[in-house]
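Structural characterization, general
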Amino acid sequence: MMENKRSTAICVLGMHRSGTSLMSGILNHLGVYFGENADLIPPRKDNPEGFWELSEIVSFHETLLKELLSNTNNTVPIQDVNFKNKTLQPYKKILKGIINKHFAGQPIWGWKDPRTCIFLPLWLEVLDEMNIDIKFIIQFRNPVDVANSLEKRNGLSRNRSFRSWFLHNLYALKWSNGYKRLPVNYDTLLANKELVIGNVVKFLKINNLEDNNIKQAVSGFVKKDLRHSFTSYEDVIQMVPEKIANLYKKMLRTEMESDFLEHDEFLAYINSELVNYTNYSNLFVDELQHETIQDYFAIEVFETSSLNFDKYLDSAGIICDGAIRTYTMQIPCINSGYFKLHPVNFR
């Protein structure tokens with residue numbers, strides 16, 4: 001059993017379409033074991049160099065999402081999840097079985113699946129119980145190019161992709177706090193692969209890059225023509241909501257200033273933004289076919305003298321502008337008395 005032999009796991013955290021597959025492929029060439037080829041999701045047209053995702057881990061995450069009444073494209077945070085409760089405890093045993101099955105005896109191994117950002121507390125609890133060390137590479141990419149890629153591949157709207165980008169990166173940065181971690185910007189990796197790969201090797205304390213064959217294989221794996229969208233920093237800041245832009249700016253700063261990642265100011269910001277996003281997330285009824293929120297509030301009118309409620313038959317429609325907090329709505333005109341907004345359709 002792996003519990004009896006200490007090993008090191010490398011987790012590549014990041015939003016979908018952010019270069020996590022590229023980074024995982026680099027790590028594989030450097031000697032990090034991601035599993036047997038037959039057990040990995042095979043390459044596809046949208047990812048010809050491979051996903052480097054263990055099929056069983058992806059299926060495990062998808063099952064957990066269904067258990068929690070969520071899905072991969074949902075941008076509403078999973079709230080108040082206690083991985084110690086009786087309902088979710090069996091999943092710890094399942095995850096331990098997956099790790100033992102695929103990674104037993106491997107001194108350094110890795111996994112990658114963007115859904116890990118959501119379930120990282122469960123992973124950390126399991127890895128701690130199995131006496132496995134953990135390091136994180138936080139792979140990020142500007143939100144506009146992520147949205148462009150998801151629109152092309154999955155048909156997702158830009159606003160939904162922005163929200164998903166925001167949530168995945170907040171999760172990754174919050175839950176990895178306190179562990180060894182290295183932020184990597186996808187655009188920097190393509191622009192200066194020698195520098196970034198050198199930083200990764202130093203971070204992981206791997207000496208394989210001294211082998212010329214391995215060095216050439218790693219360098220050859222990074223191909224600029226795999227990127228089909230590039231948006232300048234100036235355009236990104238103009239094209240995304242302010243909340244998204246602020247997080248992107250701070251993530252860029254972590255790349256340039258290594259100590260900023262662990263700065264109290266940054267950690268407080270991440271925690272605050274995640275709390276705020278969670279509190280406001282119920283504004284987004286995030287069904288796959290809808291980009292606007294309809295029939296979210298019912299209006300009740302009452303007279304000040306009696307305070308008797310007569311429920312108004314119509315509901316207000318809400319049109320979301322894609323930002324985290326800002327929304328507009330139209331309500332029927334009321335000539336006299338008071339009215340209140342009564343939330344319905346809470347999820």
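Here we summarise the structure given alongside this text. All figures in this text were calculated on a predicted structure; none of them were measured in a lab. (Residues numbered from 1 in each chain as written. Predicted model: local features only at pLDDT ≥ 70, side-chain atom pairs only at ≥ 80, totals over all residues. Heavy atoms only, no water.)

**Some thoughts on helix α12 (residues 264-280)**
- In this model α12 runs 24 Å from its N-terminal to its C-terminal C-alpha over 17 residues, within 8% of the 24 Å that 1.5 Å per residue would give.
- Every buried residue of α12 is accounted for by Phe-266, Leu-267, Tyr-269, Ile-270, Glu-273, Leu-274, Asn-276, Tyr-277 and Thr-278. (Helix = DSSP H or I, 4+ residues; strand = E, 2+ residues; numbered from the N terminus. Expected span 1.5 Å × (residues − 1). Buried < 20%, exposed > 50% of the residue type's maximum accessible area, 1.4 Å probe, protein only.)

**As for the pattern of salt bridges**
- The full count for this structure, using the stated rule, is 11 salt bridges.
- Taking the shortest distance from any N to any O, the salt bridge between Lys-101 and Glu-56 comes out at 3.2 Å. Residue Lys-101 is located in helix α3 (residues 89-103), and its partner Glu-56 is located in helix α2 (residues 55-67); the two are separated by 45 residues in the primary sequence.
- Taking the relative accessible area as the measure of exposure, Lys-101 reaches 60% and is therefore exposed.
- Where Glu-62 meets Arg-115, a salt bridge forms, and the shortest distance between an N and an O atom there is 3.0 Å. Of this pair, Glu-62 sits in helix α2 while Arg-115 is found in the loop between β2 (108-112) and α4 (116-129), placing the two residues 53 residues apart along the sequence.
- Given the relative accessible area of 25%, Glu-62 is considered partly exposed.
- On the accessibility criterion, Arg-115 (11% relative accessible area) is buried. (Salt bridge = Lys/Arg side-chain N within 4 Å of Asp/Glu carboxyl O.)

**With respect to the packing of α4 against helix α6 (residues 158-175)**
- Contact pair α4 / α6: the axes reach a minimum separation of 8 Å and the direction vectors enclose 20 degrees. Between α4 and α6, the angle is such that the two are roughly parallel. Residues Cys-117, Ile-118, Leu-120, Pro-121 and Leu-124 of α4 lie in contact with α6, whose contacting residues are His-168, Tyr-171, Ala-172 and Trp-175.
- Classifying every residue of the contact of α4 with α6 by side-chain character gives eight nonpolar, one polar and no charged. (Axes fitted to C-alpha atoms, helices over the stretch in contact; angles between N-to-C directions. Parallel < 35°, antiparallel > 145°, perpendicular 65-115°, else oblique. Contact = heavy atoms within 4.5 Å. Nonpolar A, V, L, I, M, F, W, Y, C, P; charged D, E, K, R; others polar.)

Remember that the coordinates give geometry; whether it matters functionally is a separate question.
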